[in-house]
Structure formats: structure tokens, C-alpha cells
Amino acid sequence: MTSPAAPLTYDQAGVNYDLIDPLKITAQRAAAATASHLAGHGFSEVKASRGESAYVVDVGPFYIASIVECLGTKTLVADEMAKLTGKSFFAGIAQDTIAMAVNDLITVGATPLVVQAYWAAGGSDWFGDAQRAQALVAGWKAACDTCQVAWGGGETPALAGIVEDGRIDLAASCTGLINPKERLSVGDKLGAGDAIVLLASSGIHANGLSLARKLAERLPQGYLTEIEPGLSYGEALLAPTALYSPVTEALWKAGIAPHYCANITGHGWRKLLRHPSQLTYRIHTVPPKTAVLDFIQQQAGQDDREAYSTLNMGAGFAIFVKADDAERTAQVARDCGIAAWVAGTVEAGEKQLLIEPLNIRFSEDDLALR
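Thresholds, definitions, all that
- Residues numbered from 1 in each chain as written.
- Predicted model: local features only at pLDDT ≥ 70, side-chain atom pairs only at ≥ 80, totals over all residues.
- Heavy atoms only, no water.
- Helix = DSSP H or I, 4+ residues; strand = E, 2+ residues; numbered from the N terminus.
- Rg over C-alpha atoms; globule rule 2.2 N^0.38 Å.
- Buried < 20%, exposed > 50% of the residue type's maximum accessible area, 1.4 Å probe, protein only.
- Contact = heavy atoms within 4.5 Å.
- Lys, Arg positive; Asp, Glu negative; His and termini not counted.
- Charge placed at Lys NZ, Arg CZ, Asp CG, Glu CD.
- Pairing = 2+ DSSP bridges.
- Axes fitted to C-alpha atoms, helices over the stretch in contact; angles between N-to-C directions.
- 1 Å grid on protein atoms, 1.4 Å probe; cavity = no way out; pocket = protein on both sides within 12 Å on 5 of 7 lines; lining within 4 Å.
- Points joined across faces, edges and corners; volume = space filled by probe spheres on them.
- Nonpolar A, V, L, I, M, F, W, Y, C, P; charged D, E, K, R; others polar.
- Core = buried A, V, L, I, M, F, W, Y, C linked by side-chain atoms within 4.5 Å.
- Parallel < 35°, antiparallel > 145°, perpendicular 65-115°, else oblique.
- Left-handed = near helix turned anticlockwise from the far one by under 90°.
- Phe/Tyr/Trp six-rings, centres within 6.5 Å; stacked < 30°, edge-to-face > 60°.
- Lys NZ or Arg CZ within 6 Å of the ring centre and 35° of its normal.
- Disulfide = S-S within 2.5 Å.
- pLDDT = per-residue confidence, 0-100.

## Observations concerning the overall build of the chain
Consideration 1: Across its full length, the chain carries 10 helices and 15 strands.
Consideration 2: In terms of overall dimensions, the chain is globule-like: its C-alpha atoms have a radius of gyration of 20 Å, near the 21 Å expected for 370 residues.
Consideration 3: A total of 370 residues make up the chain; the buried ones form 53% of that total.
Consideration 4: Taking as baseline every contact in the chain between residues at least 6 positions apart, the subset at least 24 positions apart corresponds to 82%.
Consideration 5: In the chain, the 29 positive side-chain charges and the 40 negative ones have mean positions that sit 3 Å from each other.

So, in C-alpha cells, the structure goes:
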């Protein structure tokens, strides 16, 4: 199969971070002005968590962390594949949704405690499809069991006129505890000499689906295009997102305290530049790309810089630890069933990410949003 003549970028798929990020920054500034309200309840925020993947509040004996995340457009792929195959993929979609929240929450050192569901359908009929609805419930519970969190409840509105008929918008919130307080990981310990351990992704996860769906329109067989023997493009896209909380919990039990963590989602590997410190992140080992990500890059005609700036490209989570803990960190992840690599080092100097095997450099200007 030959690559398309014209490269396909994330902007062309309808997602332009240059337009989205300024609003996020404005919202963050407005939100920061509300932190003083916590004092009236006897609490305070952990200011360093502002702009991180989860927000942290100091309640005295421990910290509380919280996050809300939307799944995005991966449900559209599941809907199309159901039409083509007659199968329901919503158990995996449920895991994707929880992973979006949990994998963010754990970056600050939190143990996930409670998950809440938000399932907004285009009409009540969506919930009448028993196979699909029961798969969503079963998958949601299974992901909660994997993460050892309680499913507290949720909301199931029918939003005709807001959500398209026959579709559903999925989101999850998650609350966790940082206890003892020494588990807090907001980058205050991050520094030169630390090692970068990358954990394997299970596929595209839940970011970059707008690009992936646009690409399907170019393929003669669409989602049924075979990307490797016995695996279609649609099935590969719907591989559930890896859940990384078992790894972070196992690290703490092993006596390893990460100095910083990054969930590699939107903005791709640029997320490694998330912390505001002026440091250089030098990558010497690049994890192998999953088949679906390699296929997307080739068929979309993307060079490495474009691909690594928007997709996870085989690495779904980054853990920054002291060098002496690096190999043990990777082994703990492997023991949890997640492939891992000691992939790089943190150095003093200009804020930049150097992916040396691919000759890619990302600077601070490439990631305006923390």
C-alpha cells in the first residue's frame, strides 16, 4: 500500500492546539484566582500543581488530588466498527475513558480512590442497545477493578440537539489521595542527573483519533484495512488504553519515589517538556512503535517530528527517577505487565527535548501550555 501523496497533519484533521491552548492558559489564570476560597475551609492548594495533570489540595494530614477528563472521538471509531463487524467495542472504550483520568491523576503521586462517570447520549435510544450499554458497564467496572478504585456514581443525560443522535460523549472524573505526603510528585525534586523511564503504550490510546479517522477516509477499505495479518486498522485503533496506576502503586511499595511523571497524551512527546524547569531531556533509546502508530505515520506521510509531536509513538507514560532507581523502575513496570525502557537522562541547560536516535529537537516554544 502506498502512502498518500499529500501528508495529513493534525491541523487538517480539525485539531489545532495553537487555537485551543490560549483558551486553556486564560482559564488557568482565572482558576488560579479562586484558590483563596480554600482558606475559608481551612485548606490550601499545592500551587505547584497548577498546570499539572491533576490539581492537589492540602487538607492537613494528606493531600487530595482530582482530575476530570473527556474521552474524545474514539467512540466514533467504535460505532463504525460495530456497523462493519457486528461487534461491540465499548468495554475497551470504557477502559479508555477511565485511563484518561486515572493516568493523569497518578502523575502527581496520587493513589486513585473514586471514579465518577459522565455518559451523555444524543438520545435515550442509545441506552436501549443492551449489548452496547452492558459492554460499557462491564468495561467500566473491570477498569475500576484493575485500578482498585470505587465507582461512586455518575450522570447519564440524554442531550438531543447537543450530542448527535446515535452518539455518546464519555468523560470521567477521578479523586485520589497522596498519603503519606512524601508521595507528592510535582517536579520539585526533578533535576539534572535523573533518568527517564518510558512505559509502553498499548496503541494510539485516546489521543490522535481525529487524525486516525481522517486517515480512514483515504483508505480504500477504510477501517477494515489490514495493517498486519489478522489485524484491521479499526481493531488496532480500538486497543484499550494502558492503565498505569498498578505500576505507580507498585513503585511506591518497592520504595521508589518518582521525581516527576508525564502522561504522554495530547502534544505527544512534547509532554516530556511539561515541567517549567530549565532542563534538557536527552533521549537515547526510543521504544518501538506499535503497528497502528507506524501505519498511521506511513499512510499520513508524516515525518518523525510531526508524528512525535502529536502521537505517543509507543510510549504512553514517562517516569523521572534518580539514576540509581532507573533499572529497578523499569523492572517493576515489566513485573506489572507493562514493557519499559530506561530511555534517557535529565541534564542542566536549555529547556529542550532531544530525541537523539531520530535527530528531533523540541524547544520550550513547541509547548506553550504546561
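Picking up after the structure, the text goes on.
## A look at the sheet that holds strand S11 (residues 279-283)
Consideration 1: Read from one edge of the open sheet, seven strands run S10-S12-S7-S13-S11-S14-S15, paired in mixed fashion. For this open sheet the edge positions go to strand S10 (260-263) and strand S15 (360-363), each flanked by a neighbour on one side alone. Across the sheet, the mean angle separating the axes of adjacent strands is 20° when strand polarity is ignored.
Consideration 2: Summarising the sheet, strand S14 (residues 352-355) and S15 pair through four bridges and their orientation is antiparallel. Looking at the pairing, Leu353 lines up with Phe362 of S15.
Consideration 3: Where helix H10 (residues 326-335) meets the sheet, it contacts strand S7 (194-200), strand S12 (315-322) and strand S13 (340-348), and its direction lies at approximately 145° from that of S13.

## With respect to empty space enclosed by the protein
Consideration 1: Overall, the coordinates contain two cavities of 30 Å³ or more when judged by the stated rule.
Consideration 2: The space that makes up the largest cavity amounts to roughly 110 Å³.
Consideration 3: Looking at the largest cavity, it is lined by 14 residues, and the ones nearest its centre are Gly109, Arg183, Ser185, Thr248 and Pro258.
Consideration 4: Counting residues per element, the lining of the largest cavity draws most heavily on helix H7 (residues 245-253), which supplies three residues.
Consideration 5: Looking at the lining of the largest cavity, its residues break down into eight nonpolar, four polar and two charged.
Consideration 6: Lining the second largest cavity are Ala99, Met100, Asn103, His205, Thr241, Asn263 and Thr265.
Consideration 7: Here the element with the most residues in the lining of the second largest cavity is helix H3 (residues 90-105); it accounts for three residues.
Consideration 8: A class-by-class count of the residues in the lining of the second largest cavity yields two nonpolar, five polar and no charged.

## Observations regarding the nonpolar core
Consideration 1: In terms of nonpolar packing, the biggest core is built from 105 residues, with Trp140, Leu199, Tyr233, Trp269, Ile296 and Phe320 touching the most fellow members.
Consideration 2: Of all the elements, H3 adds the most residues to this core, at nine residues.

## Observations regarding the packing of H3 against helix H4 (residues 130-147)
Consideration 1: In contact at an axis separation of 7 Å, H3 and H4 are set at 40° when each is read in the N-to-C sense. One way to sum up the angle between H3 and H4 is to call them oblique. Judged by the sense of rotation from one axis to the other, the crossing of H3 with H4 is right-handed. Between H3 and H4, the residues in contact are Phe90, Ala91, Ala94, Gln95, Thr97, Ile98 and Val102 and Arg132, Ala135, Leu136, Gly139, Trp140, Ala143, Cys144 and Cys147, respectively.

## A few points about the packing of aromatic side chains
Consideration 1: All told, the structure shown has 11 aromatic pairs when counted by the stated rule.
Consideration 2: Between Trp126 and Phe127, the aromatic rings sit 5.6 Å apart at their centres with planes inclined by 75°, giving edge-to-face as the arrangement.
Consideration 3: Over the ring of Tyr63 we find Lys181, and its NZ or CZ is 4.9 Å from the ring centre.

## Remarks on the state of the cysteines
Consideration 1: All told, the structure shown has zero disulfides when counted by the stated rule.
Consideration 2: For Cys144, which is in no disulfide, the shortest distance to another cysteine sulfur is to Cys147 and amounts to 7.3 Å.
Consideration 3: Of all cysteine sulfurs in the structure, the one in Cys147 sits closest to Cys174, which takes part in no disulfide; the separation is 7.7 Å.

## Brief notes about the confidence of the model for the chain
In low-pLDDT segments, the atomic positions of the prediction should not be examined closely.
Consideration 1: Mean pLDDT over the chain works out to 94, with 95% of the residues at or above the 70 mark.
Consideration 2: When the criterion is pLDDT under 50, residues 1-5 qualifies, and its contacts beyond four places in sequence or with other chains add up to 11 contacts.

## Description of the sheet that holds strand S3 (residues 63-70)
Consideration 1: Spatially, six strands are ordered S1-S2-S3-S6-S4-S5 in an open sheet, and the strand pairing comes out mixed. Each edge of the open sheet carries a strand with a single partner, namely strand S1 (44-45) and strand S5 (150-155).
Consideration 2: Where strand S4 (residues 111-121) lies against S5, five bridges are found, and the strand directions are parallel. Residue pairing for S5: Val115 is matched across the bridge by Trp151.

## Some remarks on the pairing of S12
Side-chain direction in a regular strand flips from residue to residue, so the side chains alternate between the two faces of the sheet.
Consideration 1: Burial of S12 is extensive: seven of the eight residues sit out of reach of the surface.
Consideration 2: Across seven bridges, the pairing between S7 and S12 is antiparallel. Looking at the pairing, Leu199 lines up with Phe317 of S12.
Consideration 3: Pairing of S10 with S12 involves four bridges; the strand directions are antiparallel. Its bridge partner lying in S12, Ala262 is registered against Ala318.

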